[in-house]
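Chain by chain, the residues:
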Amino acid sequence: IKDGLLKKILLEEGIFSEKKLESFWEIAKKNNQSLRDYLLENKFINEETLYKAIARRFKLPFISLKNLIVQKDLLSLIPETVAQVHKIVVFEKSQNKYKIATSNPENIQIIEFIKKKISAPAKVFVATPEDIEDIIKQYHRGLKTEFKEITKETEEEVSSKKGSLKELADDIPIIRIVDTLLEYAVFEKASDIHIEPTEKDIVIRYRIDGMMRKVMTLPKNTQAGVVARIKVLANLKLDEHRLPQDGRFKIKTPEFQVSFRVSIIPVFDGEKVVMRLLDEKGQILSLEKLGFQEKQLKTLKNNIKKPHGMILVTGPTGSGKTTTLYSVLNILNKPDVNISTIEDPIEYRMPGINQSQVNLKIGFDFASGLRAFLRQDPDIIMVGEIRDKETAEIAIHAAMTGHLVLSTLHTNDAITTIPRLSDMGIPTFLIATTANCIIAQRLVRKICPNCITSYKLSKEMIKDLSEQIDIDTVLETLKREKVIDSKKMENLLFYKGKGCKKCNNQGYKGRIGIYEVIEITPDIAEMINKQKDIEEIYKEVRKKGTISIVEDGFIKAKNGITTIEEILRVTKE
């Protein structure tokens with residue numbers, strides 16, 4: 001729905017005053033957002049209320065499609081690409097009359113096209129984009145069943161075939177297996193695919209929301225063909241089975257554009273394949289959406305504005321460090337600055353930024369890339385990771401000579417970044433003068449909104465919890481941040497997901513960050529310079545009201561975003 005028409009509808013319905021709508025529209029335009037996205041994102045209106053108003057304006061009935069399972073023959077009346085692009089589906093048939101749902105009744109052309117295609121009477125309804133998206137996902141409902149059928153056929157065909165690896169890789173059943181495997185991973189929003197050979201079969205596991213999940217097993221005799229097919233896609237050596245190999249390939253369809261980073265290593269029962277999925281159509285999120293608290297955001301944004309120095313993000317592999325840096329770069333990406341990055345790999349393409357890919361085969365690593373950048377007149381530099389003394393030294397000197405440097409480090413928390421840099425041979429006075437801000441982060445799974453339920457902690461739970469964290473300090477922070485009134489754990493309401501169809505009975509859907517943001521203020525810098533004990537420095541940091549990762553997690557648990565179990569899972573050392 002175009003902004004102009006949406007404004008008219010909201011005014012006619014009396015949902016907002018003209019003055020309020022005008023101010024919303026102005027802010028939305030500044031943020032390069034549509035009015036609809038701005039209103040929904042900031043919770044000024046919920047999706048159902050908005051689309052009920054749109055339905056009334058077009059004199060069409062509104063329908064909720066929640067938990068509706070649509071027959072496959074009805075879905076197939078509209079091709080998936082058309083349904084995806086135009087947000088329109090056929091969801092029911094009664095007495096030779098079809099029911100169509102759309103979230104854009106303004107698109108009369110596509111509605112008429114579908115009515116002609118069906119060549120039968122049809123009634124049009126308005127539904128929310130979220131409900132229509134859930135129906136569109138059902139196009140893939142039969143994927144697992146289809147997979148079983150393919151593997152059965154393949155087992156019979158492969159058993160009767162003996163040929164070269166190239167012939168096996170080009171074999172139709174093998175191609176179908178690998179294509180379905182990749183498509184299913186994209187549909188399940190997996191971040192990694194693991195293909196693991198065992199003595200008797202091949203185990204396929206996906207990492208979804210940070211957790212490994214066994215998806216299926218393949219017959220052992222498909223192993224050579226599947227690995228060969230992936231090697232062909234990633235342009236790797238087919239006849240090399242003793243050395244590790246790395247490559248990448250891309251799949252582009254109207255619905256998705258995903259880059260697969262492939263790693264193959266020899267193991268006892270064959271070759272293990274791990275593929276990392278990088279969504280190239282994925283949007284770079286704002287810092288607010290990543291999950292930063294208001295105070296943390298203010299600190300980070302103040303340090304982003306500084307013309308030089310270092311912003312470091314720490315945490316284990318897969319904790320979302322690069323995503324945070326991309327979000328920061330997105331804010332800094334203006335026509336009047338020159339930004340260069342050296343990454344391994346380039347996860348998102350960002351227009352207006354000069355992105356370089358590490359290539360160790362030719363000796364192009366973080367240190368050599370960083371050295372070359374300094375001759376390219378940059379204002380802002382992003383280094384994928386500081387792994388060694390050489391990279392650390394060049395990054396620190398770049399930060400000293402008027403560049404803003406963003407990078408990541410592998411440490412357990414924010415404060416240990418200081419001794420980590422010292423261990424790399426960086427003098428403390430350089431750390432003190434160049435570090436602006438250090439962020440530590442973890443990713444926690446979010447509670448599924450469709451099956452969320454509340455509960456209070458029992459005495460046993462509280463006792464168990466107090467053995468793992470300092471409850472009094474956490475409660476003190478929650479009260480200071482105005483998240484709670486009572487300082488008694490047994491009085492507090494927490495949340496969890498019961499498990500439903502929409503979250504595969506996991507109780508979780510999606511992930512969000514929990515953070516600790518330390519600003520290197522002049523007095524903290526002085527303590528670093530004087531080589532004070534790290535615990536003493538951290539006490540001073542805490543006095544300034546810094547929220548720890550665990551406390552940030554508890555704020556999110558209290559607000560019904562994640563669970564206590566998730567916080568303990570990702571923060572325990």
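Everything that follows concerns the structure shown earlier in this document.
Keep in mind it's a predicted model, so treat the numbers as computed, not measured.

### Observations concerning the overall build of the protein chain
Phase 1 of the analysis: Helices and strands together make up the secondary structure of the protein chain, namely 25 helices and 18 strands.
Phase 2 of the analysis: By the compact-globule yardstick of 25 Å for 573 residues, the protein chain fits well, its C-alpha radius of gyration being 27 Å.
Phase 3 of the analysis: Taking the principal axes of its C-alpha atoms as reference, the protein chain extends roughly 80 × 70 × 60 Å.
Phase 4 of the analysis: In the protein chain, which comprises 573 residues, the proportion classed as buried is 49%.
Phase 5 of the analysis: Contacts spanning at least 24 positions in sequence make up 64% of the contacts within the protein chain whose residues lie at least 6 apart.
Phase 6 of the analysis: Per element, the accessible surface of the protein chain, about 28800 Å² overall, is 50% carbon and sulfur.

### A short note on the nonpolar core
Phase 1 of the analysis: Formed by 44 residues in total, the largest nonpolar core has its most connected members in Met310, Ile386, Leu421, Ile520 and Ile528.
Phase 2 of the analysis: Sort the elements by how many residues they give to this core and helix α17 (residues 389-400) lands first, with 6 residues.
Phase 3 of the analysis: If near-sequence neighbours (up to four positions away) are discounted, Met310 is found in contact with Ile386, Ala395, Ile396, Ala399, Val405, Thr434, Ala435, Asn436 and Cys437.
Phase 4 of the analysis: By size, the runner-up hydrophobic cluster in this structure holds 32 residues, among which are Ile202, Ile208, Met216 and Val227.

### Concerning the sheet that holds strand β11 (residues 339-343)
Phase 1 of the analysis: A sheet is described by the order of its strands in space; here 7 strands give the open sequence β12-β11-β13-β14-β10-β15-β18, paired in mixed fashion. One side of each edge strand has no neighbouring strand; the edge strands of this open sheet are β12 (354-357) and β18 (508-519). Shown here is a sheet whose adjacent strand axes are inclined to one another by a mean of 15°, direction ignored.
Phase 2 of the analysis: The pairing of β11 with β12 spans 4 bridges and is parallel. Bridging across to β12, Ile342 finds its partner in Ser356.
Phase 3 of the analysis: Across the sheet, helix α25 (residues 564-571) is in contact with β15 (435-447) and β18; its angle to β15 comes to roughly 135°.

### Considering the layout of surface pockets
By rolling a water-sized probe across the atoms, one finds the places where empty space is left.
Phase 1 of the analysis: In this model, the second largest pocket occupies a volume close to 500 Å³.
Phase 2 of the analysis: Around the second largest pocket, the lining comprises 20 residues; the ones closest to its centre are Asp413, Tyr538, Ser548, Ile549 and Val550.
Phase 3 of the analysis: Counting residues per element, the ones that place at least two in the lining of the second largest pocket are β15, α21 (471-480), α23 (534-543) and α24 (549-558).
Phase 4 of the analysis: Residues belonging to the lining of the second largest pocket are distributed by class as follows: 8 nonpolar, 4 polar and 8 charged.

### Brief notes about the sheet that holds strand β3 (residues 122-126)
Phase 1 of the analysis: With respect to topology, 3 strands assemble into an open sheet ordered β1-β2-β3, the strand pairing being mixed. Every other strand in the sheet has two partners, leaving β1 (88-94) and β3 as the edge strands with one partner each. Put simply, the sheet's adjacent strands are angled 25° from each other on average, direction ignored.
Phase 2 of the analysis: Bridge count between β1 and strand β2 (residues 97-102): 6 bridges; the pairing is antiparallel. Paired with Ile88 across the bridge in β2 is Thr102.
Phase 3 of the analysis: Against the sheet, helix α7 (residues 108-118) contacts β1, β2 and β3, and its axis sits at roughly 155° relative to β2.

Reading the values: the criteria
- Residues numbered from 1 in each chain as written.
- Predicted model: local features only at pLDDT ≥ 70, side-chain atom pairs only at ≥ 80, totals over all residues.
- Heavy atoms only, no water.
- Helix = DSSP H or I, 4+ residues; strand = E, 2+ residues; numbered from the N terminus.
- Rg over C-alpha atoms; globule rule 2.2 N^0.38 Å.
- Buried < 20%, exposed > 50% of the residue type's maximum accessible area, 1.4 Å probe, protein only.
- Contact = heavy atoms within 4.5 Å.
- Areas by Shrake-Rupley, 256 points an atom, 1.4 Å probe, with all protein chains shown as cover.
- Core = buried A, V, L, I, M, F, W, Y, C linked by side-chain atoms within 4.5 Å.
- Pairing = 2+ DSSP bridges.
- Axes fitted to C-alpha atoms, helices over the stretch in contact; angles between N-to-C directions.
- 1 Å grid on protein atoms, 1.4 Å probe; cavity = no way out; pocket = protein on both sides within 12 Å on 5 of 7 lines; lining within 4 Å.
- Points joined across faces, edges and corners; volume = space filled by probe spheres on them.
- Nonpolar A, V, L, I, M, F, W, Y, C, P; charged D, E, K, R; others polar.

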